[in-house]
Amino acid sequence: MTAVPSPETSLELSVTNTSFSGTTIISSAVRTNLTCDPDGGAHPDPEAACDLLREVDGDLASHPGGKGPCTKEYNPYAVRLVGTWEGREITYLHTFANRCEMLRQTGSVFSF
């Protein structure tokens, strides 16, 4: 019996941080890729990121987020996830007030 290949999961992720210093705006961006089943890519913890995405069937917006306090500082982080989750196209775009808020809501997916 031949194994049936699982649908493709291949995602591109990016995080852009914008900070302010006086009248200067400083922006930095980092990117990585993630594959699931098998878990891999350049993401530093693909197993944890894929496990979280499996919990929500690729719909990161439906993740309830973690618990715990975050500071009220405004240091925006914009995240972007685009690609294919188990054969279907997905997109997730969101801007969080700070890194703590981002990590609390998205877990290890954007922790790179």
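*Asks:* Even after reading the chapter, I still don't get the state of the cysteines, so can you show me in this structure?
*Replies:* By definition, a disulfide is the covalent link that joins the sulfur atoms of two cysteine residues. Per the stated rule, a full pass over the model turns up two disulfides. Paired through a disulfide, Cys-36 and Cys-50 show a sulfur-sulfur distance of 2.0 Å. Sign of the S-S torsion, about -85° for the bond between Cys-36 and Cys-50, identifies this disulfide as left-handed. Placement of Cys-36 in the loop between strand E2 (24–35) and helix H1 (46–55) and of Cys-50 in helix H1 is noted, with a sequence separation of 14 residues between them. Since its relative accessible area comes to 0%, Cys-50 is described here as buried.

*Asks:* Any chance you could explain the environment of Pro-44 here in plain terms?
*Replies:* Tracing the chain through its elements places Pro-44 in the loop between E2 and H1. Each C-alpha atom of the pair Pro-44 and Arg-31 lies 11 Å from the other, and the pair is 13 residues apart in sequence.

*Asks:* I'm lost on helix H2 (residues 99–106) in this one. Help?
*Replies:* In an α-helix there are 3.6 residues to a turn, and that puts residues three or four apart on one side. You can read the cap of H2 off the contacts: a side-chain oxygen lies 3.2 Å from the backbone nitrogen of Cys-100, and it is on Asn-98. Gly-107 occupies a position one or two residues after H2 and carries a positive phi of about 55°.

*Asks:* Please clarify how the nonpolar core should be interpreted in this entry.
*Replies:* One broad trend across soluble globular proteins is that nonpolar side chains are buried collectively. Grouped together as the largest cluster of nonpolar side chains are 20 residues, with contacts concentrated most on Leu-11, Leu-34, Leu-53, Leu-81, Val-109 and Phe-110. Broken down by secondary-structure element, the contributors of at least two residues to this core are strand E1 (10–21), H1, strand E3 (77–85) and strand E4 (88–96). Contacts of Leu-81, omitting those with residues within four sequence positions, involve Leu-11, Glu-12, Leu-13, Leu-53, Ile-90, Thr-91, Tyr-92, Val-109 and Phe-110.

*Asks:* Teacher, can you tell me more about the pairing of E3 here?
*Replies:* The two faces of a sheet get side chains in turn, since along a regular strand they alternate between them. Most of E3 is tucked away: seven of the nine residues are buried. Two strands pair when backbone bridges link them, and E1 and E3 are joined in this way by eight bridges, in the antiparallel orientation. In the sheet register, Ser-10 faces E3, and the bridge partner there is Thr-84. Where E3 lies against E4, nine bridges are found, and the strand directions are antiparallel. Across the sheet, Gly-83 pairs through a bridge with Ile-90, a residue of E4. Counted along the chain from E3 to the antiparallel partner E4, the turn is two residues long, and its residue Glu-86 has a positive phi close to 50°.

*Asks:* Would you take a moment to explain the pattern of salt bridges for this structure?
*Replies:* A side chain with one charge may pair with a side chain of the opposite charge, provided their charged atoms come close. Under the counting rule described, the total for this entry stands at five salt bridges. Linking Arg-54 and Asp-51 is a salt bridge whose minimum nitrogen-to-oxygen distance equals 2.7 Å. Residue Arg-54 and its partner Asp-51 are both found in helix H1; the two are separated by three residues, about one turn of the helix. Residue classification places Asp-51 among the partly exposed residues on the basis of a relative accessible area of 33%. Among the charged side chains, a salt-bridge network with shared partners connects Asp-37, Asp-39, Asp-51 and Arg-54.

The rules behind each value
Residues numbered from 1 in each chain as written. Predicted model: local features only at pLDDT ≥ 70, side-chain atom pairs only at ≥ 80, totals over all residues. Heavy atoms only, no water. Disulfide = S-S within 2.5 Å. Helix = DSSP H or I, 4+ residues; strand = E, 2+ residues; numbered from the N terminus. Buried < 20%, exposed > 50% of the residue type's maximum accessible area, 1.4 Å probe, protein only. Polar contact = N/O pair within 3.5 Å; in protein donor to acceptor, adjacent residues only side chain to side chain. Core = buried A, V, L, I, M, F, W, Y, C linked by side-chain atoms within 4.5 Å. Contact = heavy atoms within 4.5 Å. Pairing = 2+ DSSP bridges. Salt bridge = Lys/Arg side-chain N within 4 Å of Asp/Glu carboxyl O.

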